[in-house]
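# Summary of structural features
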Amino acid sequence: MELVCPAGNMPALKAAVDNGADAVYMGFRDGTNARNFPGLNFDLDEARQALSYAHRAGARVFLAINTYPRPHQWDKWREAVDRAAGLGVDALILADAGLMDYCAGKYPDLRLHLSVQGSATSHEAIDFYVRHFAVARVVLPRVLSLVQVQNLLQRVHAEVEVFGFGSLCVMVEGRCTLSSYVTGESPNSSGVCSPAKAVKWEESASGRRSRLNGVLIDVYAPEEPAGYPTLCKGRFEVGGQVYYAMEEPTSLNVLDILPDLYRAGVAAIKVEGRQRSPAYVAQVTRTLRAAIDVCTASPETFSPQPRWVEQLDNLAEGRCHTLGAYSRPWQ
């Protein structure tokens, strides 16, 4: 299984490549990608340097143009595809069918991956993209159980990539409206979930408050770790009680089912986190590289080593992990 790691900037890309990533994924410094935050992503010259560094080490580079252009934005998104093709990226990660049609027509030899933002969870949906746009790989949303992933792999005619570690999303990817409800900017067309300009921190002797466009998201006690304010992971008063009403902070970790994914034929394990630090990327890449290598060598005897679990839990949201939707015993 290929290990695909995030590269939010050049230091993170180097951290991923140097610690064993088979491929990295990155985006341009604009709204054409779903992690459009200040200080992240690559301009054209930086992207050239990134490709050169990765390719020298034998790693592939995937470029995400995975937001949906509105009609007045079409030229900008199309030009992003042209830039990526000119750079010689190893694959484009796309969500919009119009961009796929443009790319398949103009750059038929450029490998296409269907982004998780495309929200394709059935073999019929995946086969549509394969038939019409020659999509080579699909990144599955984090809403499918292990049984559903296994069944899907028996029926699709494309490589399948699944998320293996990182933040979870309470919504079906590509269809979230929570952030735009509060901020007026859509993650699906502007590349922003909780845009930095809408975030405000308030410090006091009693603790820290986080707000998103004026809306109180959370209140932290002194010394309590504070997460980046997203509406889905805020604490709210419901029925007289204050708690994580939509989603508790935790991270996906598939170490326990790595052999099952391998035997099912999963092509790649993806790490979430282009917004994360180079140190985060380095440690997660190093740990998963070791785990995947051991699993591939002997899937029947594989067992997660306690130090791997500890290393990943130290980086996880809430310092804990879950299998998320993968674990549905009743199926």
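Structure report, in brief.

## Things to note about the sheet that holds strand β10 (residues 215–220)
- The antiparallel open sheet is built from 3 strands, whose spatial order is β8-β9-β10. Single-partner strands in this sheet number two, and they are β8 (199–204) and β10. Across this sheet, the average inter-strand angle for adjacent strands is 20°, counted without regard to direction.
- Where strand β9 (residues 207–212) meets β10, 5 bridges bridge the pair, whose relative direction is antiparallel. Along β10, the bridge assignment pairs R211 with L216.

## Digging into the layout of surface pockets
- Quantified by volume, the second largest pocket comes out at close to 160 Å³.
- In terms of lining residues, the second largest pocket is bounded by R142, L168, C169, V170, E247, E248, T250, T322, G324 and A325.
- Of the residues contributing to the lining of the second largest pocket, the split by class is 4 nonpolar, 3 polar and 3 charged.

## Considerations on the pattern of salt bridges
- Applying the stated criterion across every chain yields a total of 27 salt bridges.
- Its salt-bridge partner being R60, residue E2 comes within 2.8 Å of it at the nearest N-O pair. Placement of the pair is E2 in strand β1 (residues 2–6) and R60 in strand β3 (residues 60–65), with a sequence separation of 58 residues.
- Here R60 falls in the partly exposed class, since its relative accessible area comes to 25%.
- Note that E161 is salt-bridged to R137, the shortest N-O span being 2.8 Å. Of this pair, E161 sits in strand β7 (residues 159–167) while R137 sits in strand β6 (residues 137–139), placing them 24 residues apart in sequence.
- Bridged by salt links that share partners, the residues E2, R60, R111, R137, E159, E161 and K270 form one connected network.

## Some words on the packing of aromatic side chains
- A full pass over the atoms with the stated rule returns 8 aromatic pairs.
- Between F37 and Y228 the ring centres are 6.1 Å apart and the planes differ by 85°, which places this aromatic pair in the edge-to-face class. Note that F37 is positioned in the loop between β2 (23–26) and α2 (44–56) and Y228 in the loop between β10 and β11 (235–238), a separation of 191 residues in sequence.
- A residue is classified by how much of its surface remains accessible, and Y228, at 41% relative accessible area, is partly exposed.
- Summarising the aromatic geometry, the rings of F165 and Y280 are spaced 6.3 Å apart at their centres and angled 40° between planes, so their arrangement reads as tilted. With F165 in strand β7 and Y280 in helix α10 (residues 278–297), this pair connects stretches of sequence that are 115 residues apart.
- The buried category is assigned to F165, whose relative accessible area is 1%.
- For R83, the ring lying beneath its charged end belongs to F28, and the centroid distance is 4.3 Å.

## A few points about the pairing of β2
- What you see with β2 is no split at all: A23 and Y25 on one side and V24 and M26 on the other are buried throughout.
- Inspection of the sheet shows β1 paired to β2 by 3 bridges, in the parallel sense. Bridge assignment links V4 to a residue of β2, and that residue is A23.
- A crossover connection joins β1 to the parallel β2 through helix α1 (residues 10–18); in handedness this β-α-β unit is right-handed.
- You can see the chain leave β2, run along α2 and come back into β3, and the turn it takes is right-handed.

Rules of the game
The numbers attached to residues start from 1 for each chain and follow its sequence in the written order. Where totals are concerned, whole chains, interfaces and linings use all residues; where local detail is concerned, this predicted model gives features only for residues with pLDDT of at least 70, and gives and counts side-chain atom pairs only at 80 or more. With hydrogens and water set aside, each side-chain value is computed from the structure's full complement of heavy atoms. At least two bridges found by DSSP between two strands is the condition for calling them paired. Every helix listed is a DSSP run of H or I at least four residues long, and every strand listed is a run of E at least two residues long, numbered separately from the N terminus. Fitted lines through C-alpha atoms give the axes, limited to the stretch in contact for helices. The angle between two N-to-C directions lies from 0 to 180 degrees. Only protein atoms enter the 1 Å grid, on which a cavity is a set of points fitting a 1.4 Å probe that cannot get out and a pocket is an open set with protein on both sides within 12 Å along at least 5 of 7 lines, lining residues being those with an atom within 4 Å of a point. Grid points are joined across faces, edges and corners, and a volume is the space filled by probe spheres set on the points. Residue type decides the class: Asp, Glu, Lys and Arg count as charged, Ala, Val, Leu, Ile, Met, Phe, Trp, Tyr, Cys and Pro as nonpolar, and the leftover types, Gly among them, as polar. The working definition used for a salt bridge is a side-chain nitrogen of Lys or Arg within 4 Å of a carboxyl oxygen of Asp or Glu. A 1.4 Å probe rolled over the protein chains alone gives each residue an accessible area, and that area as a share of the maximum for its type sets the label: buried under 20%, exposed over 50%, partly exposed in between. Stacked, tilted and edge-to-face are the three classes applied to pairs of Phe, Tyr and Trp rings, where Trp contributes its six-membered ring and a pair requires centres within 6.5 Å; stacked means planes under 30 degrees apart, edge-to-face means over 60, and tilted covers the rest. The rule is short: NZ of Lys or CZ of Arg within 6 Å of the ring centre and within 35 degrees of the ring normal puts a charge over the ring. We call a crossover right-handed when, viewed with both strands directed away from the observer, the connection leading from the first strand over the helix to the second proceeds clockwise.

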